[in-house]
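Here is how the chains run, residue by residue.
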Amino acid sequence: MAQKRFPVVTARNLSFAYDTAAVLQGVNFTAYAGEMIAVIGPNGGGKSTLIKLILGLIEPTQGSLHVLGKRPSVARGEIGYVPQYTHFDTRFPISVREVVLTGCTRPVFGRHTKADKAAAAGALERVGLSDRALDSFAELSGGQQQRVLIARALVSDPSILLLDEPTANVDAFMSDRFLELVVNLATDRTVFFVTHDTGYVSEESDRVFCINRSLVEHPVAALRQDLVHATYSQPVRKVLHNKHIDTTHMTL
Ligand SMILES: Nc1ncnc2c1ncn2[C@@H]1O[C@H](COP(=O)(O)OP(=O)(O)O)[C@@H](O)[C@H]1O
Ligand SMILES: [Mg+2]
C-alpha cells in the first residue's frame, strides 16, 4: 500500500545518555504510517528511553529524531502514550469514563466539551468497554484497566500510539484478545508496542526492533528461539497466536 510508506518517525544516528554512559547509540530507523512495530530487548536495554525520546520528554544527545517531520516535543499532540507504569490511586473514586477523559488535551475551564465526551465514548467502544463507562476504574480487572488506559491514549485520535509494556498486567488468557485489539489499532495509526515477552510479537507485527543499546531490526519471520536466546539468555514463555496458548517453558 502506497499510504504505508509515509514516514512517521525517523531516527538518524540517534544516541542518548542520561550521564556519561550511552543508553542508546547509533540508532537508525524509519517507521511508516500504519505499521505495528514490536520493540523487544532485555531489561535496561533502552526501550523506554526510546519511547521517551519519541515523545520529546528527553532530547537526543547526538543525531536526529523527527516525528511527522517535526521535533518530537512539537509533535506530542499527535502521540498517544501508555507509560510502562501507571498508578491511579484506587482509593480515589474515579469512573472509567473520567479516566479516559484525562487523555483530552484541552479541557475548557476545567470542563469537558461534548466533543470530548463523544471522543471518550468512541475510544471506550474501540477497546470494547462501552458498558463499563460509569463503573469505578478500581473495580476493573488488570487487563480491563489496561484497555481503559489505551482508550485514554486514543481519545485525541493520535496518529502514533506508544505502548510501553502494556501486557505487564494482562494475564495469559486475556493476552491474545489484547493483541488482537492492538493489531486493529495499527490499521489506522503507527503503533510501537514495547514488550519483553516475545510471545506477543509473532507474525502479527509488521516489524521487530530489538533494542540493546543499539537497534537491530529483525524480519518478523526470523523471530526464532535462537534470536530469543541471544536477546534474553533465558527461557521464554512462548505464546502462539492460533488462539491457543502453549505455556510450556522451553529450555534453550
Ligand atoms: N532517569 C534515568 N536516569 C538515569 N538512568 C536511567 C534513567 N532511566 C533509565 N536509566 C537507565 O537507562 C538504561 C535503559 O533504561 P530503559 O530505557 O528504562 O530500559 P528498558 O525500558 O529497555 O528496560 C538502564 O540502564 C537504566 O538504568
Ligand atoms: Mg522499559
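Up top is the structure.
Residues numbered from 1 in each chain as written. Chains lettered and ligands numbered in written order. Predicted model: local features only at pLDDT ≥ 70, side-chain atom pairs only at ≥ 80, totals over all residues. Heavy atoms only, no water.

Caption draft 1: Up close: the overall build of the protein chain. Across its full length, the protein chain carries six helices and nine strands. Evaluated residue by residue, the protein chain yields a buried proportion of 50% over its 252 residues. Residue pairs at least 24 apart in sequence account for 68% of intrachain contacts in the protein chain once pairs closer than 6 positions are excluded. For the protein chain, the exposed surface amounts to about 12,600 Å²; the carbon and sulfur share of it is 51%. (Helix = DSSP H or I, 4+ residues; strand = E, 2+ residues; numbered from the N terminus. Buried < 20%, exposed > 50% of the residue type's maximum accessible area, 1.4 Å probe, protein only. Contact = heavy atoms within 4.5 Å. Areas by Shrake-Rupley, 256 points an atom, 1.4 Å probe, with all protein chains shown as cover.)

Caption draft 2: Seen up close, unusual backbone geometry. Non-glycine residue L68 carries a positive phi angle of around 50°. On the secondary structure map, L68 appears in the loop between β4 (62–67) and β5 (79–82). For L68, a relative accessible area of 22% corresponds to the partly exposed category. The backbone phi angle of R213 is positive, close to 70°, even though this residue is not glycine. Tracing the backbone shows R213 in the loop between β8 (207–212) and β9 (214–218). Assessed through its relative accessible area of 43%, R213 is described here as partly exposed.

Caption draft 3: View of the pattern of salt bridges. Tallied over the entire structure, the rule returns eight salt bridges. R189 serves as the salt-bridge partner of D157, at 3.4 Å between the closest nitrogen and oxygen. Taken as a pair, D157 in the loop between α4 (142–154) and β6 (160–164) and R189 in the loop between α5 (172–185) and β7 (190–194) lie far apart in primary sequence, 32 residues in all. Exposure remark for R189: the relative accessible area of 3% places this residue in the buried category. (Salt bridge = Lys/Arg side-chain N within 4 Å of Asp/Glu carboxyl O.)

Caption draft 4: Spatial organisation of a positive patch on the surface. The grouping of R97, R111, K114 and K117 at the surface amounts to a positive patch. With respect to the secondary-structure elements, R111 resides in the loop between α2 (96–101) and α3 (114–126). (Patch = residues over 30% accessible without salt bridge, like charges linked within 9 Å, V, L, I, M, F, W, Y side chains within 5 Å. Lys, Arg positive; Asp, Glu negative; His and termini not counted. Charge placed at Lys NZ, Arg CZ, Asp CG, Glu CD.)

Caption draft 5: Seen up close, the coordination of the magnesium ion (ligand 2). Protein-derived coordination of the magnesium ion (ligand 2) comes from S48 (OG) and Q84 (OE1), at a distance range of 2.0 to 2.3 Å. Here S48 is found in helix α1 (residues 47–55), whereas its partner Q84 is found in the loop between β5 and α2, with 36 residues between them in sequence. Classification of S48 as buried rests on a relative accessible area of 18%. (Donors = N, O, S within 2.8 Å, 3.2 Å for Na, K, Ca; no water.)

Caption draft 6: Representation of α3 within the structure. The end-to-end C-alpha distance of α3, which contains 13 residues, comes to 18 Å, matching closely the 18 Å that a straight helix rising 1.5 Å per residue would cover. If you follow the buried residues of α3, they end up packed against α2 and α4. Positive backbone phi, at 75°, marks G128, one or two positions downstream of α3. (Expected span 1.5 Å × (residues − 1).)

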